[in-house]
Every structure is written in structure tokens, then in C-alpha cells.
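# Results of the structural survey
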Amino acid sequence: MASPDAIERGLSRSSSPRQAQLHDREKIEIESIVSNEEAIPTLEPPPHHHHTHHGHGDGDDANTLAGGNFKYEYLTFDTDVSLPGLDLHKYHSALSWTATHKTIILVLCCLCTFFAAYSAGSYSIASTPQRAKWNLSAVAFNTGVTAWAVGFALSPMFLAPFSEINGRRPVFLASAVIFLLGLIVCATTPTFAGMLVGRVLVGAGASSFSTMIGGVLSDMYTNEDRNTPMSVFSGAALAGTGAGPLCSGVIVSHVSFRWVYLHQVIGVGCLLVVVYFFFEETRGSVLLSRKARVINEYLEKTDHEREHEHDHDHEHDPRKNATPNDNTPEDPEKAEPKPNPSPGGVPTRLRYKVAADESRSSFAHMLYLSLTIPFKLLFTEPVVFFFSLWTAFAWALLYMTFSVIPLVFSTRHGFDTEQSAAVFASITIGSILATIVCVFQERVAKQYWPKLTTSPEGRLYFACLEAALLPIGLFWFGWTTFSSVHWISPVLALGCAQIGIFVIYLAVFNYLADVYHRYASSALAAQGFARNMFAAVFPLFTDQMFRRLGYPGASSLLGGIAALLTLVPWVLLFNGEKIRARSKIARQIMSTEHRR
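Every chain begins its residue count from 1, and numbering advances along the sequence as written. Where totals are concerned, whole chains, interfaces and linings use all residues; where local detail is concerned, this predicted model gives features only for residues with pLDDT of at least 70, and gives and counts side-chain atom pairs only at 80 or more. The side-chain quantities take in all heavy atoms of the structure and omit both hydrogens and water.

The protein appears in an unreviewed UniProt entry as Major facilitator superfamily (MFS) profile domain-containing protein from Vermiconidia calcicola. According to its UniProt record, the protein has this under Subcellular location (unreviewed entry): "Membrane". UniProt positions are given in the numbering used here, feature names are shortened, and annotations may be inferred rather than shown by experiment.

Turning to its location among the elements, Leu 111 is positioned in helix 3 (residues 99–121). Here's how the labels work: a residue is buried when its accessible area is under 20% of the maximum for its type, exposed when over 50%, partly exposed in between, all with a 1.4 Å probe on protein chains only. Leu 111 sits in the partly exposed class, given a relative accessible area of 37%. Linking Leu 111 and Val 268, residues 157 residues apart in sequence, is a C-alpha distance of 9.6 Å. For helices the rule is a DSSP run of H or I covering at least 4 residues; for strands it is a run of E covering at least 2, with both sets numbered from the N terminus onward.

What follows deals with the nonpolar core. Nonpolar side chains tend toward joint burial in soluble globular proteins. Throughout, nonpolar core names a set of buried Ala, Val, Leu, Ile, Met, Phe, Trp, Tyr and Cys residues whose side chains join them through atoms within 4.5 Å. Residues Tyr 399, Phe 409, Leu 470 and Tyr 516 are the most contacted members of the largest nonpolar core, which totals 128 residues. Should any heavy atoms of two residues lie within 4.5 Å, those residues are considered in contact. What Leu 470 contacts, discounting residues up to four positions off in sequence, is Ala 394, Leu 397, Ala 497, Gly 500, Ile 501, Ile 504 and Ala 562. Leu 75, Leu 83, Tyr 91 and Ile 295 belong to the second-largest nonpolar core, a separate cluster that totals 17 residues.

The two faces of a sheet get side chains in turn, since along a regular strand they alternate between them. Taken across its five residues, strand 3 (residues 349–353) has five buried, putting it largely inside the fold. The alternating pattern of strand 3 places Arg 349, Arg 351 and Lys 353 and Leu 350 and Tyr 352 on opposite faces, both of which are buried. When DSSP finds at least two bridges between two strands, those strands are taken to pair. Taken together, the five bridges between strand 2 (residues 70–74) and strand 3 define a ladder with parallel strand orientation. Residue pairing in the sheet places Tyr 74 in a bridge with Lys 353 of strand 3.

Any Lys or Arg side-chain nitrogen located within 4 Å of an Asp or Glu carboxyl oxygen qualifies as a salt bridge. In the structure shown here, the tally under the stated rule is two salt bridges. For Asp 219, the salt bridge goes to Arg 168, with nearest N and O atoms at 2.6 Å. In this pair, Asp 219 sits in helix 8 (residues 213–220) while Arg 168 sits in helix 6 (residues 168–188), placing the two residues 51 residues apart along the sequence. The class of Arg 168 is buried, set by a relative accessible area of 3%. For Glu 300, the salt bridge identified is with Arg 351, shortest N-O distance 2.7 Å. Note that Glu 300 is positioned in helix 11 (residues 284–315) and Arg 351 in strand 3, a separation of 51 residues in sequence. By relative accessible area, Glu 300 is classed as partly exposed at 28%.

Turning to its location among the elements, Ser 175 is positioned in helix 6. With residues near it in sequence (within four places) discarded, Ser 175 still touches Leu 159, Gly 205, Ser 208 and Phe 209.

Turning to the confidence of the model for the protein, a few remarks are in order. Confidence scores labelled pLDDT are given residue by residue by the predictor and lie between 0 and 100. Counting all residues, the mean pLDDT for the protein is 81, and 80% of those residues have values of 70 or more. Scored below 50 in pLDDT, residues 49–62 shows 12 contacts in the model against residues more than four places distant or in partner chains. Under a pLDDT of 50 for its full length, residues 332–338 has, in the predicted model, five contacts with residues more than four places off or in other chains.

A few words now on a nonpolar patch on the surface. Residues form patches when they are more than 30% accessible in relative terms and have no salt bridge. Like charges link within 9 Å. Nonpolar side chains (Val, Leu, Ile, Met, Phe, Trp, Tyr) link within 5 Å. All accessible-area figures derive from a Shrake-Rupley calculation using a 1.4 Å probe, and residue coverage is judged against the displayed protein chains alone. Taken together, the side chains of Leu 465, Leu 564, Leu 567, Trp 570, Val 571 and Phe 574 make up a nonpolar region of the molecular surface, amounting to roughly 640 Å² of accessible area. For the nonpolar patch, the element with the highest residue contribution is helix 23 (residues 567–582), accounting for four residues. Note that Leu 567 resides in helix 23. Overall, Leu 567 belongs to the partly exposed group, its relative accessible area being 48%.

Put into C-alpha cells, the structure is as follows:
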């Protein structure tokens, strides 16, 4: 065991320059550590219980507390604790990981997102055998899409508190298990009611399997470095949406529709094993809590051993038998060192605590906040409302393709299930192209127009132009669905529209994360809820809409709405700061950020 002096030297070291620099340039509120932004009372009413808040006591350091014979210091990632024989490397902040380490986690996250999105689209393409088995109408069958989307919309709000307390990895693994269980139910159920239950489970598991990745990326990347990984993540999500019906259409054309779900069971099962062994915890507050616990256990053990050695030496010290009249002077060099006593005469022992553990509310209160703050933001913040409306409509259009593509290409071009499934390749290819464009345009912007990346509105310049591809693609698709027009034209139109959807998805995520800081996850949960509820409802009337209005008419109606919503980023581009200044909540968040 290390000597007490070695331990004290290790505990008294200052933070490393690399870590200090890392956190100095971190300007976004990362849930990982401790938010030093003030809570907004309108959004976060105080819990019924009271926490003990420690500030500047009488003579105490701001980060140091004394309790009894223990001296407590707040542990942060800037606290460099080096103890002989104790490896604390695995508790380092994810921000300080190497590029290779981050890339491995990013790849795992993208695979999870891909499978989550894959499960959404794989269902509809297998409609013919499933409708025949259970004697279902098109609307009744499409409730399977609705069930998936509802599970996807609601799950993150209930699981968010678990993530805050237990970390991302346990929730990640639990979500994967729920995801896998739902797929097994879908693959084996003899009834359509069982299929709906399975679809809800698949959506719920896939949701956390996917939406939590935004938090993982915030744990690993700073604000200025986040665009590329976020683009790759978005590309995986949207590419998976197209790959699901693409692959499942081929499967259902040759074997039983059960294999549409069984091959996902195999894939998600293998992914679960990989995630179990290779996915590491990234949430900083959880890492700090674990680090503090390990250090305190080490110090506790050291203190016990020190006391044991002291008692043992005292028992065998011949001086304990000296008479009171023994006036032999004690050799100072041989005298036993005495620990530094506290004011009460008891030796002071150093321990560590984590501010996030003290400031954390009860689970019930966190669940309450998780269920209420997103809706408060959605219905009181114009920015959140209109951005949610914009991305929700785009997302609904993506889910409408599950029904539109087989309908249009089977009636106008005589495509069978496998050929209709191949059309979904346009969605996957469009997503991949959009990912590449967004990654490189960010680098170009940093090089030639660095001011574009210094404000939230700077992220909207490219989105204002590229989002127009969505209404363009819709009009293009609708007016080239005639059988006299080659099928490649509407396919290209779908790819064009998909690029627009991708740009909207990415712009909304980045903008809300930049603007709402402490409440970024709640703002994103609000738009996620709106997005998936739109996706749950729109497929229910897709067939009737296109049959009654006609393919050009229905597409033009959707294209007109999309064109109108494309004005949203333009308004924010020129008036974003003014709009936020008029909002009480956004104004408080901005003022808090300026004081940091």
C-alpha cells in the first residue's frame, strides 16, 4: 500500500493543462458534468424535498467542505488525482478520449441508430402477406407504423431519469433488450394484436437505442467539433429508414414474412453482444460519481491500514512502559509523526464528493421534469414550436413513403414488391450524399466564413438553401408519376426530397442544442415527440389522400406546405436573436450563458 505522503502528494496535484484547456473551450452545456447554469423556475419548480447546498462557508474554500473529522472536496474532471496502485484512467471524461476511441463509440452508435431506423421501414413493405393472414384493411395494417412511432415518441421521456442516475450504458443495454424482445414478439405472434404489442416494444427500445446518441455525442465532442459526428449519426438514421424496406422487400419476395423480423432478431442480437463488450459509459456525472467512490474506498482502506499500523507500533513501543518520572529526552528524529488534527483534535481525512449527486432531485421529481419541461418548451417557446413543426412535417413525409412508393410504382409502372423495395435505395443514397455534403460544407464554412460557426443562426445559412430541396422534390415527384414518364425520374425526385429532409433534421438538432444549453435535451425531446407523433398519424390517411387527390395533387399539396415551412429558418436567420430576446425562458437562458 502506498505511503500517506505519496497519497497526499497525488491528491494535491493541480489539473493537467490538457484537461484545463479541454474544458475552457467547452461552451455547450454538457449533461455529463455539472450544469453551472441556473435553473429556470418557470421550467424547473423546486422539488418538495430540500437539498443541502454548500457554498462559501466561514473560511472554507468554495470547493471544500468539512464534516466531522472528514474534509470533503468536490471532484471534477480537472481534479488530477494520482494514487499509487490505483488506475483511474477509465473514469476520464469522454471529451479527453483519443480520436480513435471516440470513432469506435461513434461507429457503435451509428449501427444502433441504423438498426432502430431499419425497424421502422421494414414493416410496411411486407403488407401483402400480413394483411392476407389477418384479413386487414390498409388503414388497419398501418396502425403497426403508428404503434411503433408512439413507442418511439414516449419512451425517451420515461427513460431519461434512469440515464441521469445510472448512466447511458445501462439504459442503452436495457433498450437493446426491449428492442430485441419486441422483434421476437413480431416474428412469432399468431395475432395482429400481438403484432401491435411487438411494434410498440420495438419502437420503445429503438427510441432510446437511437435518441440517447445525441447525449453520447455531446459527452464526447465539444460544440465546434460536433457537426461531423452529428452528420454521420443523422445519415445513419435516415439511411436505415430506406434500407429497412429495401432489404425486407427482397426477403418477403422469397421467404415467409416472418423473416422480415427474424433477420433483425439476429442482427440486433449480435449488436447487443458487441455493445455489451465495447460500449463504454460516457456520461460525465456518472463517471465522476464512480471515480469518487473508488477514490474514497481507496482512502478508507488506507486510513484503516494506517490506524492499524499506528496501533501495532504503539503496542510494541518500549516508551509506553516509561514511568512518569522518566525524564529521558525523546530523540526528535525518532519521534512518531503525528497527523494534522482538526480543530476538535481528531485527524482530518480527505474525501471526495460530486456536485451532481447533491444537486440531483429525487427520481419522481426528475420524471416529472422529464415529462413536463419538453411540453412547456413546445407550447411556450416559438422557436421550439416552429422548428418542431418544421421537422415533424418533414419526418411525416418520410414515413408516408412507406405507403406511397409501393402504391405509385405498382399502379403506374407495374412494379412488384421486390421492385418497389428497390426504389427505397433512393432514400438511402440521398441520405449518404447529404451526409457527405454536410460534413464538407462545415469544413468549408470554418475555413472561409468562420463567423458562421460563432452563433446559432450561423448553422442555418446552408439549411435555408438546402431545405428547399424538400418541396422541390415533392413537386418533381408528383408531376412525374405518370406512366408515360420513365420511372427513374420520380426515383430521383425522392432522393432530392430526402436530402432536404436530412438537412432539416440536422439543422433543427444543432440549432436547438446551441440555443437552449441546459434545456437542450428537453427541447430536442419536444421536437422528437412532435416528429414521431406526426409520423404516427400521417400514414393512416396516406393511401386515401393519394387516391382521392391524385398523385400530382397530393404531392403538390404536401410540397406547398413544405415550401411554406421552409420560411421558418429564414425568419430565424434574420430575427433569431430578437425572437429569443422576447421569450422569457430563452432570455433567461441567454443571460445565464453570458454570465458563465
